[in-house]
Amino acid sequence: MREWFAELERPVELLVALKAGSAAGEAGDARPERSDAFGVRGPEETPRAGSGDVDFGREMVRVCEGLAELGERVTCRVEEEPEGFPRFPAVSVRPEGRHVGVRYDGLPWGYELGSLVGAIVEAGREEPTLRPESVEALQALESDLALDVFVTPT
Amino acid sequence: MLLAFRMALASERVTATAIEANEFPQLSQELGVWAVPRIVVDGEPRWDGSVPEAEFLRRILA
């Protein structure tokens, strides 16, 4: 992984979004309701595991800070309920600190950690790795397109 | 998942979000997520499973 991150052509920031209060390990206060494209009311937060001893927010910070330690061009920043995040915890992958619409909602563990690592590697490239005809078609879009991919760790 | 991320990085018009289905059961239930990966386009469930780049593109632009 260090070798992949050493080859990044530009810096990549991981913006970790936590529910308010969770950074301090406390229960979050009630937040104003809001909806996202799915019409979900209020920010959904990862429920505690059955034993209650897994803090997904803290684990997300630990994972992202750990990834940042593996490459000089990878940095990690943590915010509580930043704008544009409907679920927590989440991490936005930002080339040169810019919002480009690449996000992972939930803790990427198991096999899915590879998806986050892959996103970092891709965000660190100056040029898209898609086929030229795919890039051309996507850049010709005249309206926004939201892709959501539901995944599981296995 | 990586394909969707690549598409978001290739176009300012595209956003790509991976959603851990087990961690957000409310949303997963609303969208009837029984198999993964489930691909949702503009809030509408479209298909389950991985497909090659050209087919992925064809489906999301359809």
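1. So, the overall build of chain B
Here's step 1: In terms of regular secondary structure, chain B is built from three helices and three strands.
Here's step 2: Its helices and strands in sequence order give chain B the pattern α-β-α-β-β-α, from N to C terminus.
Here's step 3: Computed over the C-alpha atoms, the radius of gyration of chain B is 12 Å, within 12% of the 11 Å expected from 2.2 N^0.38 for a compact globule of 62 residues.
Here's step 4: Counting only C-alpha atoms and orienting by the principal axes, one finds that chain B spans roughly 30 × 20 × 15 Å.
Here's step 5: Out of the 62 residues belonging to chain B, those deemed buried represent 50%.

2. Some points on the overall build of chain A
Here's step 1: Counting secondary structure elements, chain A contains four helices and seven strands.
Here's step 2: Order of helices (α) and strands (β) in chain A, N terminus to C terminus: α-β-β-α-β-β-β-β-α-α-β.
Here's step 3: Here chain A holds 154 residues, and 39% of them are scored as buried.
Here's step 4: Put simply, 74% of the contacts in chain A that link residues at least 6 apart link residues at least 24 apart.

3. Looking at the pairing of strand β3 (residues 44–48) of chain B
Residue and element names in this part refer to chain B.
Here's step 1: The pairing of strand β2 (residues 38–41) with β3 spans four bridges and is classified as antiparallel. From the neighbouring strand, Val 40 faces β3, where its bridge partner is Pro 45.
Here's step 2: Remark: two residues form the turn of the hairpin made by β2 and β3, two consecutive strands paired antiparallel; Asp 42 in that turn has positive phi of roughly 50°.

4. Let's talk about unusual backbone geometry
Here's step 1: Note that the residue after A:Phe88, namely A:Pro89, is joined by a cis bond; omega there is -5°.
Here's step 2: By the secondary structure assignment, A:Pro89 is in the loop between β4 (87–88) and β5 (90–95).
Here's step 3: In this structure, B:Pro37 follows B:Val36 across a cis peptide bond, with omega equal to -5°.
Here's step 4: Within the element layout of this structure, B:Pro37 appears in the loop between α2 (25–30) and β2.
Here's step 5: Even without being a glycine, A:Glu96 presents a positive backbone phi close to 55°.
Here's step 6: Summarising the element assignment, A:Glu96 is placed in the loop between β5 and β6 (102–105).
Here's step 7: Of note, the phi angle at B:Asp42 is positive, near 50°, even though the residue is not glycine.
Here's step 8: Taking the C-beta count within 10 Å as the criterion, B:Asp42 has 13 such neighbours and is therefore assigned partly exposed.

5. Focus: the confidence of the model for chain B
Here's step 1: Taken over all residues, the pLDDT of chain B has a mean of 95, while the share at 70 or more is 100%.
Here's step 2: On the interface metric, ipTM, the complex scores 0.97, and its pTM is 0.87.

6. Overview of the interface of chain A and chain B
Here's step 1: At the junction of the two partners, chain A supplies 41 residues and chain B supplies 40 residues.
Here's step 2: For the side of chain A that touches chain B, the elements supplying multiple residues, two or more each, are β6, α3 (113–123), α4 (132–139) and β7 (145–151) of chain A.
Here's step 3: Sort the elements by how many residues they give to the side of chain A that touches chain B and β7(A) lands first, with seven residues.
Here's step 4: Residue classes in the side of chain A that touches chain B are distributed as 22 nonpolar, ten polar and nine charged.
Here's step 5: As judged from the four bridges shared by β7(A) and β2(B), these two strands associate in the antiparallel manner. Bridge pairing in β2(B) places A:Leu147 opposite B:Val41.

7. Structural notes on the nonpolar core
Here's step 1: Core analysis: the largest hydrophobic core is formed by 58 residues, its most contacted members being A:Val91 and B:Met7.
Here's step 2: By residue number, the principal contributor to this core is helix α1 (residues 2–10) of chain B, which donates seven residues.
Here's step 3: Not counting the four nearest positions on each side in its chain, B:Met7 is found in contact with A:Leu130, A:Leu138, A:Leu147, B:Val14 and B:Ala16.

Rules of the game
Residues numbered from 1 in each chain as written. Chains lettered and ligands numbered in written order. Predicted model: local features only at pLDDT ≥ 70, side-chain atom pairs only at ≥ 80, totals over all residues. Helix = DSSP H or I, 4+ residues; strand = E, 2+ residues; numbered from the N terminus. Rg over C-alpha atoms; globule rule 2.2 N^0.38 Å. Buried ≥ 20, exposed ≤ 12 C-beta atoms within 10 Å, placed from the backbone. Contact = placed C-beta atoms within 7 Å. Pairing = 2+ DSSP bridges. pLDDT = per-residue confidence, 0-100. Nonpolar A, V, L, I, M, F, W, Y, C, P; charged D, E, K, R; others polar. Core = buried A, V, L, I, M, F, W, Y, C linked by C-beta atoms within 7 Å.

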